[in-house]
Structures are given as structure tokens and as C-alpha cells.
Number of protein chains: 2
Amino acid sequence: MSAFKPVRFVDVHLEGDFWRERLETVLTRTIPSQHIQLSAHGILEALTLPNPPPPLRFPRNHHNFTVQVFWDSDVGKWIEAASYALSHRRDADIESKIEDITDKLERAQAPDGYVNCWYLQREPDKRWTNLRDNHELYNLGHLLEGGIAYFLATGRRRLLGILERYVEHVRTTFGPGPNQKRGYCGHQEIELALIRLYHLTGERKHLDLASYFINERGRQPHYFDEEARRRDEDPKDFWAKSYEYNQSHMPVREQTKVVGHAVRAMYMYTAMADLAAVLKDDSLKRTLEVLWADVISSKMYITSGLGPAEANEGFTEDYDLPNETAYAETCASVALIFWAQRMLHLDLSGKYADVMEQALFNGALTGLARDGQHYFYSNPLESDGRHSRWAWHHCPCCTMNSSRLVASVGSYFLSRSDEAIAFHLYGGISATVRLAGGQVALREVSAYPWSGDIRIEVKPETPFAFDLKLRIPGWTRNATASVNGTPVSVEQGTKDGYLTIARRWQAGDVVALELPMPAQRIYAHPAVRMDVGRVALKRGPLVYCVEEADNPGGPVQRLKLPRQSTVKPERRADLFGGIVTLTADATRLQDNGWQNTLYRSDPPAETPTTVTALPYYLWANRGAGSMLVWLPES
Amino acid sequence: MSAFKPVRFVDVHLEGDFWRERLETVLTRTIPSQHIQLSAHGILEALTLPNPPPPLRFPRNHHNFTVQVFWDSDVGKWIEAASYALSHRRDADIESKIEDITDKLERAQAPDGYVNCWYLQREPDKRWTNLRDNHELYNLGHLLEGGIAYFLATGRRRLLGILERYVEHVRTTFGPGPNQKRGYCGHQEIELALIRLYHLTGERKHLDLASYFINERGRQPHYFDEEARRRDEDPKDFWAKSYEYNQSHMPVREQTKVVGHAVRAMYMYTAMADLAAVLKDDSLKRTLEVLWADVISSKMYITSGLGPAEANEGFTEDYDLPNETAYAETCASVALIFWAQRMLHLDLSGKYADVMEQALFNGALTGLARDGQHYFYSNPLESDGRHSRWAWHHCPCCTMNSSRLVASVGSYFLSRSDEAIAFHLYGGISATVRLAGGQVALREVSAYPWSGDIRIEVKPETPFAFDLKLRIPGWTRNATASVNGTPVSVEQGTKDGYLTIARRWQAGDVVALELPMPAQRIYAHPAVRMDVGRVALKRGPLVYCVEEADNPGGPVQRLKLPRQSTVKPERRADLFGGIVTLTADATRLQDNGWQNTLYRSDPPAETPTTVTALPYYLWANRGAGSMLVWLPES
């Protein structure tokens, strides 16, 4: 196993235009507006205990479930996102808001350490009676991630302390001991949060508890069966029918297929990969490699969207990737980034970095509108114009997943080992990385993802030898590189998608990397029945789509792209602060002569037109209109 | 208005192979097996009163609804189907079963005439409290249609008498009077049944009650609002959100768009057309013409399927016709046949007959398996192999709609006025029709729908003049005709899709009609985004599909049909007792080189193949496999 580790988000600064714009938007608009929404929707108020609970805003559905049980997690994710924001720029107002939440949690905390505002307020005698459905440990996981981020950004430890006391209660409650519950959470999240806590504190007990939750999952007798019986329910009445839904259908090491709820799966794999790295657990690593191959080779949209079905918010059959009805929850793409990054730390391989980048630019970014205050929960690859961004959602999980990802995106650019620095992403950052031989200041300058011209300044505090590893994306061909103007053979120096430049570096060294970024036509495996006869357009890491705003004259579904047509990149300073569009000669189906006719034996006439495609992540920012990723190819 | 009227099913005999096979299957297998299923599923048992009601087989769902409330209707529809069967061949066993049901209904009937086994058994004090959801009048409608058919087939009037007493109770209960409920049924059906009763008995009061229900529908203050408040419910909590669901969102004459639950809509339009004909109500007729144009021009699958969405079992947006997820309930296509026939009696126009035929061969027939004992409820136009026929359904409405349609299909072949006989369908029948000038025996001989060569023997009891009107289907070109060998100009003699041959007919006259039936490529309006770049195949009235059984080697979704490829009809004696398939040179996408690859920049290789299509109504009779109606055209 490679010994690569993440570079913390506080050590990476975003300088490139692309990410500065997103970051500024998140800092100035998303984080404050999310606090307003959390307040307006009663989510913050629900933290105030004791408090006569108001009527449910979201009455229990026919599965006896209300989204309000995981409101604590929404607060935790907002704290995490806000804390990442604070690491870029301190903000007294935001900090006082987090302190206020901390006050509430402190008051709410039970003498034994338990903190769950739903249960404490409404059903204090029912805590830990429905791990399958009610997200208690999931909530703790997100609060814990928030508490850790807040501590890292500000040095304040009070919130984290509350949560550490809660973790101690959880450790007492769950485990294989005679007076413990052999349970685990229906929605994975606590596991990866505990590993974060381990990395922060170095306390082995947190790693052990995460391991316990992962290892116990899916064992027989099944905890969720027993728990249901204790509630006087028949386990067979589980609304999702199968424990595949929460990946507890079998012990995790026996799993070979990616199934069930997509976000749960991704959070679990993230924790498993963390454990595999820390514990050097080859059985977990091999399991993850099988699961990775399964999802990447048969279950992922070209946009990195995961989980086609709304019914289980998750996976169905291999190659079942409907476009217009794609669920592809934003959270799942964000979580895929988490998992991919962890896989990179098990094996520094471009196959993981390619997917991480694909998910970042086409999955996660899509979830957040340009204005920073509107969102996508599901991410279809086709729309008749009815799919639009919303200002809030009754299940607001995706909103804060978008903001915490953008505010911490720097942490996905680099990894380090004792003797090497690896660049996974490009786009304009500066960072300080400590290696065994000393500290290295780095500056990467580029207009990525619009251009593949990259310049990296390497500045060790004193000259010393280490490896600089530069990702050569899977989508490029004939990349070139040089150090201080002297060419480096990319072909010979690249293994598993990374070009290694080993030398004694000294201040003033400059690496130039050129990643050709032509427009590409992409085809899907012929088993993806929805995409037969269709083509998608990509350039660099970006998947493109055709939107009505750039192609007026009717629904974009009437466009056809001839295979012979040349697809040309075009710089457009007038769009979204400057982007690259793709244009090509195409045809448009005409509806003249079709009045009152639904079917006929003459095909519709086609007239020449130019099709303009823009990056998928930018769609639905200019009002309602049709959109299409997979174009019929003629 | 034309004065055309139906020819009753008892006066038309099926002689052609195509319909004899279906009829024999329904008589010998479907009707008996449906009785067994009704018994096995507790539906017949539920008629036995008084009876301690067993636990619900279908517990109330989260809308507080159980399908058991309309079990009476399933019994009514079975009686109707069985009675049509008896008109072809009496059967003492079937008749004793209907008598047994009659005994039960007679015992169940309340002193005031009310008969609804659900309410009488379980909630006797709640009758008429939830017309919106609970189908009481709908049940009566279907029982009434059954009672009428049974009387016509056997002369037995006991069942009909029970139902007539129930109708009297309904007449007392509903209406504009001071002590009456101004209600109507959430699921239309009673209206068309009452008109049937009017036609049978000549009693104007039944027509008036049907008129009342139609005219009251959608008026303000809204009955379903008031009724909900009487149940202490907020009318806004109606689960379907809008009264469009049951077409009571506005008075019927103000409706211009086909909306909501497809079967309810079709049953209502059928009754409206009946009323328009009897009452010479031009406002109703004009409304129906607008609604007809709306559904036909933007909301009907090529198979005649109606209602793309499962959520409301009904209509969505114009041109929203997804193929794989098409709901297209069998009942809706059956009901479209009812409506189209009624429209024919308002205006003898081929546009109605074309749709009636299309719905018959591609919608209604599809719902019944070759074995006569398996069914389709929804009728997608594409399948990955997971959509299969079932032996019964928790909501068995479609099963008896299929059988009653096939057993009475003769009644859709012909209409008559005082001086004319109109042929709408062909396929081998004999019939006796009474005109003002006397009785006419007819014999139509053809291998339709496999061949368009039709021979009609016309035999008036004495020679007299009348018009013979022969439908020239919209799908044919260059039809030819002759009388006793003398050519008749089809072009000059055809108006609105009917060729009129006016002469003094005498026994021995023979008409020959030749309807050329080439294979056709059909394209959808370019606004049907799902079908852009795709083509469907038709021949005569039959829509074809490509099924894996005839095209082994992987999913049929990997086939592409070049536009230049000639589509050839081929007689296949080996398939389903002899059918015509369509074959063409095509290509198949290959997946070699795609292992572990979901997306790539090279398109899949294509290899030449021959594609074989078979009539859509025959699909899914040879085990699980993929199916496709709309093929990608290259």
C-alpha cells in the first residue's frame, strides 16, 4: 500500500478564478443563507430544550417516518461547511451562530452524554429503539464532523467536547459486551466521523468503535430483525423490503455488488477505505476494489451520478441508467468524492482520481446554483424543462453537502507521503506540505478546467530530494511536461496515471504541464439501453449538456448531432464569467406539417443548425428550459 | 348527426380464424379461470352476507384506501364477460355460477334496495359518505352491465331486477331535490351503464339519472369538498391533489383537456357521447370533439395506450410518452374502444374507427396472454425483460375488461342506420341486420388483420336499396373495390374514411375490397422526445415490436434499423398459429472491447443482422426477454 495521506483543507489555499468564484459564493451567500433557512424551517429551533415540541412540520409518512429525526445532522453539516469557510476567512457573526448552537446542544445533552434533540424532546424513552430507520448515530456523525472542522478552523473545543462525551456514551452503549447493544446505524456516517476523530486525537478507541460498527454490520442474527421484534414489529414489514437498502444484507467483506441507498453505500465505503488504510486491512481493501469496479463499470452516470431510482434513492440493475428520471442525488456524488479520495490513499492510481474529478466537476458542483442559494437534490441527464432548482428541500441534506464540499475543496487537490507530493487536481492553489525532508511551498497556476496549461512552482525551504507526482488524467492524450524548461518524458515517467518527477528540488523550480483538452465524443456501453444511438460531449473533466437557453427554437430534444460534425471548443467571456462552450453543426427536427398529427409515415423534416453545449454543472441557472446530455447521433 | 347505432353482440358471429381463436380461448380458458381466481382471492366469498368479515386481504394504504371496496365491480365484469360468452355458446355450469352470485346479491340487498357488499358487511353506517374514493356507484355500474348482458344472453331477469331496485334507491338518493345528495361517483361508470339500461328498457328515467350525474360533475360548491368536510377531513388533503384526477375539476362541458385517471376519463367520455347521441346534445358533442382531438394529437401511444404515469394511472403533459415506464393501463385502451365506437355513432368518420381498431389490436388484445390466463395491467413499449404477464392482480380490473371485450368484439364490427350498414372492422363475421327496408344477412370473409383481401356477401331477405359503407382505413393507400366483379371507384366514393356503395342489393351480391397492407415505418411528432431518432413498424392495423425471442443474441435495445433498409412482411406459420412478421436488415451493437468500460470515446462496433418484428399484442408470450417498439434508426 502507498502511504499517501490527505493534505488538510486548512493548508491549501484556492487562488484560481474557477474555485475562487465558487468559494466566494459559498462564503458570502451559501453559508449565511443556509443558516437563515435552517432557522426559517424550525431546524435550529428544534435544538432548544426543554421546549414544548411544536406540531411536526413533516408528519410521519406511511412508513411512520419523518425527516425531522435527522435535523441534528443538518445542523452538523452546516457547522462543518461554515467552519471550512472560517478557515478561509474568520467571521465573528458565523462563529457566534455556531457558539449559539453549541449552547443549545450543551443544554440539551443528557447527564449520560446522549444528545439527540428529536428523541430528547419527543420520545425520550425510545432512544436507540430504531437504529434501522431513525438516524441517531448518523446525526452524531455529522455533528462530530462539524465539531472537528470547527475546532480545526478556530481552535475552539467546546462543541467537540460535547460530542466526545456523546461518543463515550455511544461506546458504552454499543459493542459485543453482555450489556451492550450489538447494533449499528441504518444510515452509515458515524463510522467515517469516528475515524476523523481518531485522526484528530490519535485515540485508538475511536478507530476501534468505527471498526466495530463496520464489522458488525450484516451479521446474523441480524440486529435490525431483533430490534424490530422488540418494537413488536415483524422484521419482514421493513418498508424497503431488503437490507440491501442500508448495505446490511450481509457482512461487509462478503459484499461484491453495490446495492441500495447510494449515499449510505458511499459513506460506508469511505469509512471502510479509511479503516483499510489505517489498519492495513487487505480484506477490506480487496472488498472495496471489487465494489469500486462494480459501480464504475456498470452503475455510474457519465456525470458521476449514482443511484438511478427514487424509490430507494439508490441502485437498481447493472446498466439501468435512465436519463430523464435519474435520481442521482447530489449527496451521492459528493460522497463518491470522499470514497475516491480514500481509495487514492490505498493506491495512488489515476482510476480513482479520474472519478474523483468527474464527480467534483459534474456531480457535486451541479448541486449548487450560481447564486449559491438554490440547489439540485436529484440530477437528471435530461429535462423537458420541468426540473428546476429549489431554494430549500424538506430533506436538506444536499444543500450542506454542496457547501461543505466547495468550502473544503482544497483538501482534494493534493496528497503527501513522507517522500512525495501528489497532485490530483489542478485549478490554481497554493499549499504548504511537510515531507520527511522538510517543508515545501507549492503554487499551481492554471485556468483549469478551461485550459490544460499548468505551471507549478516548487519551493522547498531548503533543497532536498522528493518525488513530485502529477496526475495525467485518463481523458488526455499526448500530455507534455518540463522542469525549468527541460522536457520530461510523460510516456516513460507515468505509471497508474501519475507522472513521477524525482529530483532534488530547490526554490525557483518550475514545472510546466500541458494536458491537451480537445472536445470529445463519448459513447456508453451498448448495454445502457437509454443511450444507444446517442453521444455525449466532454472536454477535459467536464461533461457538457445542451440547454435550451443556448439553443433557442424549441426543446433541445429535437436536435441531432451528425457523427461527422466537428465539435469545436469556443471561449465565451459572456457566459458565467467566462467559460468554454462546445459547438457543432447539427440538425433540428421540424414540426411544421405535424399539426394535429402524432404519428405518421414521413419522418420529421430536419434543418441545419448549430448546437451549443455548455458544462453540465452550469445547467438550470437561466430559468426553465429543456436540457439533454445524450444527444441522438445521426 | 348521423343516425348510426350499434349492432348488438348477439347478432354478430365471429367466423374468421383470428377472432375465433381469441374467442375460444376466452370461452374455454379465460372465463372459467377468472371464476376460479375470483373465488381463490376471496372476492366471491365477500358477497356472502351476513358474514363475519375476514381480515382485509389488502389492508388500507396510506390514503386509507383498499382495493376491496370495488370487488363488487370485478364480479359484475365477470358476469358481463361470461354472459357475452354465453351468447356464443350456452354453458349450464357458467349459468349456475351466475345464478349463485345472483342468490348472494339477492340476500345481501338491503330492504331499501342498496347492494354494496363492502359497506353492508363492514361499514353499513358509512354508505354514501365517500363517493370520491370508494366506488359505490362504479360498482353498481359494472354489476348493471353484467345484469344486462346476462339478460340479453339468457333471458333471465332476476339479477337485473335486483339491480333495477338498487337503481331506484340510487335515484331516490341522488339528485337536485331538497333531501337528495348532489353527488356523483369518483370513478365514472354508472353513467354509461344507466344509458345501457335505458337502451334496454326504453325507460327515460335511466337516461335522466345518467344526465344528472354527468351534468352535476365538477359544479360548485364541489360535492367532494362538502363530503370531505362531513367526514371531518380537509378537502385539500385529497391524496391526488387535484380533482383533475377524476375529471370533476370543472363542469364537463368546460373541459378542453384530457386529464387525470385515464380509465375514468374514457368511461366518462363514453357516457357523454351516448348522451350526446340520444339527446342530440351539441354542446356535449362539441366538447367531446375537442377532447378527442386533444388526446389523439398529443397523449396517445402508437399502441393506443393512454396515461403514461403510474402515480395517477393517467395523463401528464402533452407529448409525455415515455416508453419503458409507460403505464398505459389495459382498461384504458379497452375504454377508448368504447368511446371511439360512441363517437362513430355521432359522426361516421374513419378517424374514430381508425383509433378504435388501433386500440383493439394493439391495446386491448395485448392485455390477454395467448393462454387466456395471464394478463398485462400496464403496457410499456419497451422492456429490459423484467416486465412479464401475471396470473392475477391485486386490482383485477384489467382481466375482465380483456375478456368482456373479446367476448363481445363482434359488436364493434358493424353499425346500422335505417338505410345503411357500416363496416368498421374486418376479420370474418356473419351478421343479421335489420334496416327500414328489411333484414339483411351479411357475411364478411377475410384473413384480416394478416391480409387486406376482403369479401362481403350481402343477402337481403328481399331485394331493396340501401347504402353499404365500408371503412377504408387511414393506414392504407390505393384501396380497390368491386361489386359482383364490377370495379367501384374507392377514391370517388369515399368520404370521411368510408366508401359508400349505394344500390339495390339482392341475394348473391358480393363485394370485394382490397386494402393494400404494406409494411410501414412510423415516426412520432418531434415533440415526443423519447422517440426522436426512432422508428416504429406497422402493417395494417398492427403495431409491431422487436422481441428477444425472435432476435436472440442479447437485448433488442442494441439493434439499429437503417432508414434505407427494406421492411418485408413474412408469413410465419410456425408462430402463434400463423402470423405475419416483419423483417429487415439491421445492425447490432457489439460489446466486445467494452469489458469493465462504461464510457469511452469510440462508438460500439456494429455488425449486420436481420431484425424480426412481431405484432406488439403478442409480446411476452414466450418467457422473459427484452422488447422494443421504437427502434433507433440509423
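Residues numbered from 1 in each chain as written. Chains lettered and ligands numbered in written order. Predicted model: local features only at pLDDT ≥ 70, side-chain atom pairs only at ≥ 80, totals over all residues. Heavy atoms only, no water.

1. With respect to the interface of chain A and chain B
For step 1, the next point in the chain: Each partner contributes to the interface: chain A provides 48 residues, whereas chain B provides 48 residues.
For step 2, the next point in the chain: Buried surface at the junction of chain A and chain B, both sides included, amounts to about 3,900 Å², of which 62% is carbon and sulfur.
For step 3, the next point in the chain: Contact with chain B buries surface across chain A, with Arg529(A), Leu598(A) and Tyr599(A) losing the most and accounting together for 20% of the total.
For step 4, the next point in the chain: Counting across the interface, chain A meets chain B through eight salt bridges.
For step 5, the next point in the chain: The shortest N-O distance in the salt bridge between Arg529(A) and Asp384(B) comes to 3.4 Å.
For step 6, the next point in the chain: Where chain A meets chain B, there are 12 residue pairs in polar contact (both at pLDDT 80 or more).
For step 7, the next point in the chain: Broken down by secondary-structure element, the contributors of at least two residues to the side of chain A that touches chain B are helix H12 (282-298), strand S15 (519-524) and strand S21 (599-600) of chain A.
For step 8, the next point in the chain: Considering every element that reaches the side of chain A that touches chain B, the biggest residue donor is S15(A), with four residues.
For step 9, the next point in the chain: Taken together, the residues that form the side of chain A that touches chain B break down as 22 nonpolar, 10 polar and 16 charged.
For step 10, the next point in the chain: Bridging between S15(A) and strand S21 (residues 599-600) of chain B involves two bridges; their strand directions are antiparallel. Each bridged residue has a counterpart across the sheet, and for Ala524(A) the counterpart in S21(B) is Tyr599(B). (Contact = heavy atoms within 4.5 Å. Buried area = accessible area lost by both parts, 1.4 Å probe. Salt bridge = Lys/Arg side-chain N within 4 Å of Asp/Glu carboxyl O. Polar contact = N/O pair within 3.5 Å; in protein donor to acceptor, adjacent residues only side chain to side chain. Helix = DSSP H or I, 4+ residues; strand = E, 2+ residues; numbered from the N terminus. Nonpolar A, V, L, I, M, F, W, Y, C, P; charged D, E, K, R; others polar. Pairing = 2+ DSSP bridges.)

2. Topic: the sheet that holds strand S12 (residues 494-495) of chain B
Residue and element names in this part refer to chain B.
For step 1, the next point in the chain: Spatial strand order, S1-S4-S5-S9-S13-S12: six strands in an open sheet with mixed pairing. Among the strands making up the open sheet, the edge pair consists of strand S1 (5-6) and S12.
For step 2, the next point in the chain: Bridge count for S1 against strand S4 (residues 414-416) is two bridges, and the pairing is antiparallel. Note that in S4 the partner of Pro6 across the bridge is Ser415.

3. Here's the deal with the sheet that holds strand S6 (residues 429-435) of chain B
All names here are of chain B.
For step 1, the next point in the chain: Strand order in the open sheet formed by seven strands is S2-S6-S7-S8-S14-S10-S11, with antiparallel pairing between adjacent strands. The outermost strands of the open sheet, each flanked by one partner alone, are strand S2 (12-14) and strand S11 (486-488). Averaged over all pairs of adjacent strands, the angle between strand axes in this sheet comes to 20°, irrespective of strand direction.
For step 2, the next point in the chain: By the bridge criterion, three bridges tie S2 to S6 in an arrangement that is antiparallel. Across the sheet, Leu14 pairs through a bridge with Ile429, a residue of S6. (Axes fitted to C-alpha atoms, helices over the stretch in contact; angles between N-to-C directions.)

Take it as geometry only, folks, not as evidence of what the structure does.
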